[in-house]
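Spelled out from the first residue to the last, the chains are:
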Amino acid sequence: TTLYNRTRPCLEYQIGRCVAPCVGYVTQEEYRGLQDQVVLFLKGRNTELRGQLEHDMRVAAAKEEFEKAAKLRDRLRAVERVLEEQKVDSHDESDRDVFGFYREADRGAVAVLVVRGGRLVENRTVLFDESAEEDGELLTNFVVQFYAQREVPAEILLAHDIPEEAALAEVLEQARQAKVAVRTPQRGAKKDLVAMAGSNAESAFRRTHDKETGVRRDLESLARALDLVEPPQRIECVDLSMIQGRAPVGAVIAFVEGQPAKE
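None of these values were measured; they are calculated from a predicted model.

Trainee: I'd like to hear about the nonpolar core, residue by residue, with values.
Mentor: Ranked by size, the top nonpolar core spans 21 residues in total, and within it F99, V110, Y147, I156, L158 and L172 carry the most contacts. For this core, the secondary-structure elements that each account for two or more residues are β1 (96–104), β2 (107–116), α5 (135–146), β4 (155–158) and α6 (165–176). When residues of this core are assigned to their parent elements, the largest contribution, five residues, is made by α5. The contact partners of L158, leaving out residues within four places of it in the chain, are F99, L139, V143, V182, R183, T184, P185 and V194. Counting residues in hydrophobic clusters, the runner-up holds eight residues, among them L49, L53, A69 and L76.

Given below as structure tokens:
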């Protein structure tokens, strides 16, 4: 449905980045078709998406709707360009998830590469703190939690051997209702994928660690400048204003351990 408070589309429509559903410039069926194509793209179903775009482009050209056909051609080229960048193995179009792992003492990170049809469609990283679990146990628990509300692929690659690997595969097979291969590759392209995921995990950990170190250093510098006994854990800035002694207005901005407490 159109938005009743709008009578003309915004700049996004003028520059070709929106089809202006807010004012009814596109039918519900056409807009739903665009949504379906976005879903295909995000799921990595590139062959199906490419076929749809090529079909729509040929239909538009046959109807002599050349401007529409040109837009579809550009969209097809953009999709192919992104899909080419996502390709991780040109000879293997399997679905698999790859779990990388990095740890320093009781802190670290787990990274997941989601590969569908041989293309990387998602890259997720989760940090953990103060974990006393062994690497294999921690990774096993993470995998189980990861698939609590996600589809399980046919193959799962892990950075480390884990205890009860057969038991984990059985649990995942029950969720998938099909065979699941749980592997710790030792060589080849799959080993490279696990190494890539491990590198992502380390990078995420380093970024967070460096940021925490920088904030701590800034707080220590502030404590020295203000002659405080120790770095401030909480900082509050209060601003009060009024007009000729009336209509007072106040605002408080707070930082906790160097980070904005926006709530």
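Next comes the rest of the write-up.
Trainee: Describe the pattern of salt bridges, listing the residues and the values that go with them.
Mentor: Summed over the entire model, instances satisfying the criterion amount to 14 salt bridges. A salt bridge links K179 to E173; the nearest nitrogen and oxygen atoms lie 3.5 Å apart. For K179, a relative accessible area of 64% puts it in the exposed group. In this structure E173 comes out as partly exposed when scored by relative accessible area, which is 21%. Each of R96, E155, R183 and K190 takes part in a single network of salt bridges with overlapping partners.

Trainee: Lay out the pairing of strand β3 (residues 119–128) in plain terms, naming residues and giving numbers.
Mentor: Here β2 runs beside β3; their pairing, made up of nine bridges, is antiparallel. Opposite G108, over in β3, you have F128 as the bridge partner. Remark: two residues form the turn of the hairpin made by β2 and β3, two consecutive strands paired antiparallel; G117 in that turn has positive phi of roughly 60°.

Conventions we followed
- Each chain has its residues counted from 1, following the order in which its sequence is written.
- It should be noted that, the model being predicted, local features are given only for residues of pLDDT at least 70 and side-chain atom pairs only at 80 or more, the latter also being counted only at that level, while totals for whole chains, interfaces and linings use all residues.
- Where side-chain values are given, they derive from all heavy atoms of the structure, hydrogens and water being excluded.
- Throughout this description, the term nonpolar core refers to a set of buried Ala, Val, Leu, Ile, Met, Phe, Trp, Tyr and Cys residues connected via side-chain atoms within 4.5 Å.
- Accessible area is worked out with a 1.4 Å probe on protein chains only. A residue is then buried under 20% of its type maximum, exposed over 50%, and partly exposed in between.
- Each helix corresponds to a stretch of at least 4 residues labelled H or I by DSSP, and each strand to a stretch of at least 2 residues labelled E; elements are numbered beginning at the N terminus.
- Contacts are assigned to residue pairs that have any heavy atoms within 4.5 Å of one another.
- Should a side-chain nitrogen of Lys or Arg be within 4 Å of a carboxyl oxygen of Asp or Glu, the pair is scored as a salt bridge.
- Criterion used throughout: strands pair if DSSP finds at least two bridges between them.

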